[in-house]
Amino acid sequence: MNKRNFLKSSAAALAISALSLGAAGGALAANKVLKIGFVGVTSGPAAAWGTSNVRSMQTRAAWINEIGGVKIGGDTYDIEIVTFDDQKDPKRAIAGMEKMAQEGIHYVVGPNVDDGAAAVRPVAESNGIMYFPYAFPKSLYQKPASNAVLGMIANYQSGPAIYKFLRDKKGVKKVAFIAANESDPLSQRDGGVAAANALGLEVVADKDTYQNDTRDFVPVLTPVLRSKPDLLVLSGVAPGNAPLLIRSARELGYTGFISTETAQDAKVLEEGAGDLANGFISVGGASTPEIRSKAMEEFIDRYTKMFGEYNDESNTKVYALEYIIETLKMNPKGIDDIGEFKKTMDNFSAPNPYMKGDATLKYVGMTSFGQKRQVAVPMVVNEYRDGKFDTLFIAEVD
Amino acid sequence: MEQVLANGLYLGAQYALIALGLTLIFALMNVLNFAHGQLYVLGGFVTYTIYGQLEMPFVAALFAAAVTLALVGGLMERFLFRTVLKRSVREESTMLLAAGTAFFLDAIILLIFGEKQRGVPKIVDGVFNWDFRLIMPYDRILIGFLAIFAIAAFVLYMQYSKTGRALRALAQDRVAAQLMGVNVDRYSMIGFALGAMLAGVVGGLLVTITGVNSGIGGPISIKAFMMVMIGGAGVISGAIAGGFILGMLESVGLSVLHSYGDITYLMIFASLMVFLSIRPQGLMGKPWG
Amino acid sequence: MTRTTKIVGVGAVLAILLVGIPALINISGRWDLYYTLTSVALLSIASGGVWLTFYIGRINIGQGAYALMGGYVSAILVVKYGVSFWLTLPIAGLFCGAVSVLIGIPILRLRGVYFAMITLVLTEVARLSMLALPITNGAKGITNIPLPGAVEVFGLTLIPDFATLSNAKPAFYYLSIVLMILCFAGLYRLVNSRLGKLCRSLQQNEELASSIGVNIAYLRVVAYVISSFLGGIGGATFAAISQSVYPSSFTIADSINFMLNCFLGGLGYVFGPMLGTLVLYFGWDLLFQTGEFQLLIFSTVLIALILALPNGLLSLRFSKAGKESVGRE
């Protein structure tokens, strides 16, 4: 073998060994291990969505393991989080769900988008996996589907509440919608338009779209703002685009309200739009200081220590793992049998550790889906002001 | 209408500057640099760190971004592209290398700077408002002029400096340039560094307006390709024209096609395809195979 | 290679793909590999099409468009018109082939990066069309697509109804592997035929080929149609596996990946796209437990591979023997 060939083959060998390194498993602890999965997007332009999921889960798992694990039935478990980056590609999301099945996992958080959630459904159903998507299509949660549990508030639940509030309290009459030309935002826009029409609001723009890679939103917004809306709804806006849209709208002289139905991060808004973001309305979980419990503050603390910086989207995303664990505590048989888990969901109730007062964790969704396939996250409609969120009003979903 | 034209001009200036670096590298080495957008993002993050986090002057941050990116570009050429170009049978193979580099930079940037959208304080406050017919924040105006200034400086540099002449000779005919005594390796590296630097400078300039986000490198690269193709690959004037045309197309297109709603972008892209099939080498490209 | 060793070699590969791998999966219990390998098979079919356009000297970054189109054609026919999946599979391929004639005639005149660019734009046009067309159900996609049904001839069940199987994974695996074998057998045959030689002449010098009487316009379109046909087949099968199709099912990222698969495997080798897809897709999959460092390790390995083997992985084995089969020196 000459030198060149040797170099080539050793490079190839190196590559293969590096690849197979990834296949080696993790370490075992003294407690039993309960594996919870995550399949979602943690790289690329939408990385923020999945990353806040993963980090919430990892923070909470490390916390639980540090205090000796969680007692489910007769056994104490350490929580291990197994993550899979689907790169926002539905084909990879299926592979991720297959990996979870292979690991013997029955509870998975994610995927983050509509197409991924629809694509993993056959795999989840044939392998006995409950999954908690952050995607809104109703068919995922309505019968005959029964394995998906919506992990947050859907836009068709929060949107009407926000529009009604603004119509009644702030005199909003004309609404304009703008959305990225992708499945999730467009579906959310259509839902928003229907809700606004039902409330008797005048929809002055409902067809304006932008490419998700747009960096300069002035050309997009110029024609929209000519219709002089009182409320500009950023349907399904990505956290990275929200400050840019807000800033462009304000700099073009727009003075009305701006709102969205997805969770946002205060730091991102502050850096991206500064004072111009004041008054921006979004929806979060236990996001405002007034309603946070001590446990939530400790969670934020631990998250910040672990990853250097908190993400306000995690105010909502902290809940999915909590629901899984608490439901399993109530019915330990669910650990290997999602049928038991589903039975428990109907009557499940536990105190909400992240909210002040006597809020409870329970499954909801009867109105929207006809079965309890949604986690009850407090619907905290908040307003951004000077670097943090203020509570506008709190509502519940049934 | 004034507003639409101004939007287009501003967008065009920044697009043209992005396209310049890409077309330069393409002209010199026939490398379609998939990592161009990532270099732009890196420039943005350097500026973000120095100006936004360390609170040093913006000019210093911009300078640091330019130097860092020139360095990164030079290293990329010397240790990656040069090796592959010399040994590959078909030079398109560098597209795989460029894509690999893009993934690598994406990973590094994501690990170091995180997944969040980042922004810096405004460099100038205030908004220019002409009777609501034309509204333009002062920082946009400033960045727009800086971008045009950078484009002009680059064109003059290419036209009159010794390096610029050597680079142009290299782009025109690699073999002939070599025969005329141009050090091909050296100038390829300089050209690559210059292209990367341009990407870094735009990233640094635009971080003050649109912020920066670790995931946008890929989309930016793709947009830059479009501008280059509209104008004609490997031609500097073409890249500038392509940038301004795409900027105008977006601004005017979005306004004119406003009533078509959802399909605005479909029409923009479809007309781009029609344009390219009528004019297969772009506006001013050489009919290159 | 003599004829006998060739036959033995082909037999061995077939045995490994159709018997060996399923047996290994059963023994090791790694059921997740079925899907991974199914994906590799389908993606390499689409990449095989891209490879063929490389073979006539075109950089094709538009295969995602045809994969998406194929997925939609199959999904719409199955869901809205109740056509059997098995019938929609060839229809999807033929539909894509037909569309690619219309698109190909004007754009195949373009070369080099211009062709690359216009096909890249085509991918985005396809995505936006699927969002906008009335028949595609727009942003909401098509979901709940039924699994492929049974195929019976004179009461004899040739293919069982996938929905009645306790596990559809192996069934999809066999389907995809058979499609892949057919696809690459066809490509191999094509490349070694007279048509293939003409294609190679196109890759080297179109003007020269034209001057000696090769009908280059016709040849280009034929290659492009076959390429798009394969893209459509791959996409249609994917829609059946995920039982859903969205405008984002195949995007620019997929188009680029199809192209990268060809580069990585080696442009000079028919089986290059197969190997390239295996390494790129499987590599990413294997690394999933490295969590946040996945992309970093993946890209580092990728760069190392390109530096070591700039002409593709297969150039390692054929570095001496295969020189003649490489199109251009």
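Residues numbered from 1 in each chain as written. Chains lettered and ligands numbered in written order. Predicted model: local features only at pLDDT ≥ 70, side-chain atom pairs only at ≥ 80, totals over all residues.

Draft legend 1. Just the overall build of chain A, in detail. Across its full length, chain A holds 14 helices and 16 strands. Taking 21 Å as the expected radius of gyration for a compact globule of 398 residues, we find that chain A reaches 22 Å, a close match to that expectation. Dimensions along the principal axes, computed over C-alpha positions, put chain A at roughly 70 × 65 × 40 Å. Put simply, chain A has 398 residues, and 59% of those count as buried. (Helix = DSSP H or I, 4+ residues; strand = E, 2+ residues; numbered from the N terminus. Rg over C-alpha atoms; globule rule 2.2 N^0.38 Å. Buried ≥ 20, exposed ≤ 12 C-beta atoms within 10 Å, placed from the backbone.)

Draft legend 2. The overall build of chain B, seen in detail. Across its full length, chain B carries eleven helices and two strands. Its helices and strands in sequence order give chain B the pattern α-α-α-α-β-β-α-α-α-α-α-α-α, from N to C terminus. Relative to a compact globule of 289 residues, whose C-alpha radius of gyration would be 19 Å, chain B shows 19 Å and is just as compact. When the backbone C-alpha atoms are referred to their principal axes, chain B occupies close to 60 × 50 × 35 Å. Burial statistics for chain B: of 289 residues in total, 61% are counted as buried. A sequence separation of at least 24 residues applies to 76% of the contacts in chain B between residues at least 6 apart. (Contact = placed C-beta atoms within 7 Å.)

Draft legend 3. Quick peek at the sheet that holds strand 2 (residues 70-72) of chain A. All names here are of chain A. As summarised here, the arrangement of the five strands in space is 2-3-1-4-5, forming an open sheet in which the pairing is mixed. Each edge of the open sheet carries a strand with a single partner, namely strand 2 and strand 5 (130-132). Strand-to-strand twist of the sheet, defined as the mean angle between neighbouring strand axes without regard to direction, takes the value 40°. Direction of pairing for strand 1 (residues 32-40) relative to strand 4 (residues 107-109): parallel, over a ladder of two bridges. Its bridge partner lying in strand 4, Gly37 is registered against Val108. Packed onto the sheet, helix 2 (residues 47-66) meets strand 1, strand 2, strand 3 (75-85) and strand 4 and runs at close to 160° relative to strand 3. (Pairing = 2+ DSSP bridges. Axes fitted to C-alpha atoms, helices over the stretch in contact; angles between N-to-C directions.)

Draft legend 4. Structural view of the pairing of strand 2 (residues 156-159) of chain C. Residue and element names in this part refer to chain C. By the bridge criterion, three bridges tie strand 1 (residues 151-153) to strand 2 in an arrangement that is antiparallel. The partner of Val151 across the bridge, within strand 2, is Ile159. Remark: two residues form the turn of the hairpin made by strand 1 and strand 2, two consecutive strands paired antiparallel; Phe154 in that turn has positive phi of roughly 50°.

Draft legend 5. Structural view of the domain arrangement of chain A. All names here are of chain A. As far as domains go, chain A holds domain 1 (32-151 + 292-377) and domain 2 (155-262). Spacing between the C-alpha centres of domain 1 and domain 2 amounts to 29 Å. Listed per partner, the contact involves eleven residues of domain 1 and ten residues of domain 2. (Domains from an automatic or database assignment.)

Draft legend 6. Broad picture of the environment of Met366 of chain A. Residue and element names in this part refer to chain A. Mapped onto the elements, Met366 comes out in helix 14 (residues 366-369). For Met366, a count of 13 C-beta atoms within 10 Å gives the class partly exposed. C-alpha of Met366 to C-alpha of Val397: the two residues are 31 residues apart in sequence and 9.2 Å apart in space. When residues no more than four places from it in sequence are discounted, the contact partners of Met366 are Lys372 and Asp398.

Draft legend 7. Looking closely at the packing of helix 5 (residues 138-160) of chain B against helix 8 (residues 184-210) of chain B. Residue and element names in this part refer to chain B. At their nearest, the axes of helix 5 and helix 8 sit 9 Å apart, and the two run at 170° to each other. Classified by the angle their axes make, helix 5 and helix 8 are roughly antiparallel. Of the residues in helix 8, those in contact with Asp139, Arg140, Ile143, Leu146, Ala147, Ala150 and Phe154 of helix 5 are Leu198, Val201, Leu205, Thr208 and Ile209. Its residues assigned to classes, the contact of helix 5 with helix 8 comprises nine nonpolar, one polar and two charged. (Parallel < 35°, antiparallel > 145°, perpendicular 65-115°, else oblique. Nonpolar A, V, L, I, M, F, W, Y, C, P; charged D, E, K, R; others polar.)

Draft legend 8. The arrangement of the interface of chain B and chain C in detail. Across the boundary between the two partners, chain B contributes 41 residues, which contact 42 residues of chain C. Elements with a minimum of two residues in the side of chain B that touches chain C: helix 3 (58-87), helix 4 (94-113), helix 9 (217-231) and helix 11 (264-278) of chain B. Of the residues forming the side of chain B that touches chain C, the biggest block, twelve residues, is contributed by helix 4 of chain B. Class assignment for the residues of the side of chain B that touches chain C results in 28 nonpolar, eight polar and five charged.

Draft legend 9. Highlighting the environment of Val39 of chain A. Along the chain, the position of Val39 of chain A falls in strand 1. Here the alpha-carbon distance between Val39 of chain A and Asp86 of chain A, two residues 47 residues apart in the chain, equals 6.4 Å.

Draft legend 10. Summary view of helix 8 of chain B. Residues and elements named next belong to chain B. Relative to the 39 Å expected for 27 residues at 1.5 Å per residue, helix 8 spans 38 Å between its end C-alpha atoms, a close match to the ideal helical length. Across the 27 residues that make up helix 8, a large majority, 24, are buried. Taken from the residues just after helix 8, Gly211 is the one with a positive phi, measuring 70°. (Expected span 1.5 Å × (residues − 1).)

Draft legend 11. Expanded view of the interface of chain A and chain C. Taken together, the contacts link 36 residues of chain A with 40 residues of chain C. Taken together, the elements giving at least two residues each to the side of chain A that touches chain C come down to helix 1 (3-21), strand 3, helix 3 (90-102), helix 4 (114-127) and helix 6 (183-198) of chain A. Among the elements that line the side of chain A that touches chain C, the one with the most residues is helix 1 of chain A, at nine residues. Of the residues belonging to the side of chain A that touches chain C, the class tally is 18 nonpolar, nine polar and nine charged.

Draft legend 12. A look at the packing of helix 9 of chain B against helix 10 (residues 236-256) of chain B. Residues and elements named next belong to chain B. Two elements in contact, helix 9 and helix 10, have axes whose closest approach is 7 Å; the angle formed by their N-to-C orientations is 115°. In the packing of helix 9 onto helix 10, the handedness of the crossing is right-handed. Counting all contacts with helix 9, which are made through Met226, Met227, Val228, Ile230 and Gly231, the residues of helix 10 involved are Gly238, Ala239, Ala241, Gly242, Gly243, Ile245 and Leu246. Class assignment of the residues belonging to the contact of helix 9 with helix 10 gives a composition of eight nonpolar, four polar and no charged. (Left-handed = near helix turned anticlockwise from the far one by under 90°.)

Draft legend 13. Looking closely at the nonpolar core. Membership of the largest hydrophobic core comes to 349 residues, with the highest contact counts inside it found for Met97 of chain A together with Leu20 of chain B. Take this core: its biggest share by element is 17 residues, from helix 1 (residues 2-29) of chain B. Each of domain 1 (32-151 + 292-377) and domain 2 (155-262) of chain A accounts for three or more of the residues forming this core. Excluding its chain neighbours within four sequence positions, the residues that come into contact with Leu20 of chain B are Ile151, Phe154, Leu198, Ile236, Ala239 and Ile240 of chain B. (Core = buried A, V, L, I, M, F, W, Y, C linked by C-beta atoms within 7 Å.)

Draft legend 14. Looking closely at the confidence of the model for chain A. With 93% of its residues at a pLDDT of 70 or more, chain A has an overall mean of 89. Every residue in residues 18-29 of chain A is under pLDDT 50, and counting partners more than four places away or in other chains gives 16 contacts. (pLDDT = per-residue confidence, 0-100.)

Draft legend 15. Looking closely at the pairing of strand 7 (residues 202-210) of chain A. Residue and element names in this part refer to chain A. By the bridge criterion, six bridges tie strand 6 (residues 174-180) to strand 7 in an arrangement that is parallel. Bridging across to strand 7, Val175 finds its partner in Val203. The handedness of the strand 6 to strand 7 crossover, carried by helix 6, is right-handed. (Right-handed = clockwise from strand over helix to strand, strands pointing away.)

Draft legend 16. Unusual backbone geometry, seen in detail. Residue and element names in this part refer to chain A. Residue Gly110 is joined to Pro111 through a cis peptide bond whose omega torsion reads -10°. Checked against the element boundaries, Pro111 lands in the loop between strand 4 and helix 4. Each neighbour pair has its own omega, and for Lys143 with Pro144 the value is 10°, a cis peptide bond. By secondary structure assignment, the location of Pro144 is in the loop between strand 5 and helix 5 (155-170). The phi dihedral of Gln87 falls on the positive side, at around 55°, and the residue is not glycine. Here Gln87 is to be found in the loop between strand 3 and helix 3. The phi dihedral of Lys228 is positive, around 50°, even though this residue is not glycine. With respect to the helices and strands, the residue Lys228 is situated in the loop between helix 7 (218-225) and strand 8 (231-235). The class of Lys228 is exposed, set by 12 C-beta atoms lying within 10 Å.

Draft legend 17. Region of the structure containing the confidence of the model for chain B. In this model, chain B carries a mean pLDDT of 89, and residues with pLDDT of at least 70 account for 98%. The ipTM value of the predicted complex is 0.91, and its pTM value is 0.91.

Draft legend 18. Main features of the environment of Val70 of chain A. Residue and element names in this part refer to chain A. Mapped onto the fold, Val70 is located in strand 2. Considering only alpha carbons, one finds Val70 and Gln264, 194 residues apart in sequence, at a separation of 31 Å. Filtering out sequence-adjacent residues up to four positions away, Val70 remains in contact with Ile64, Thr76, Tyr77, Ile79 and Ile325.

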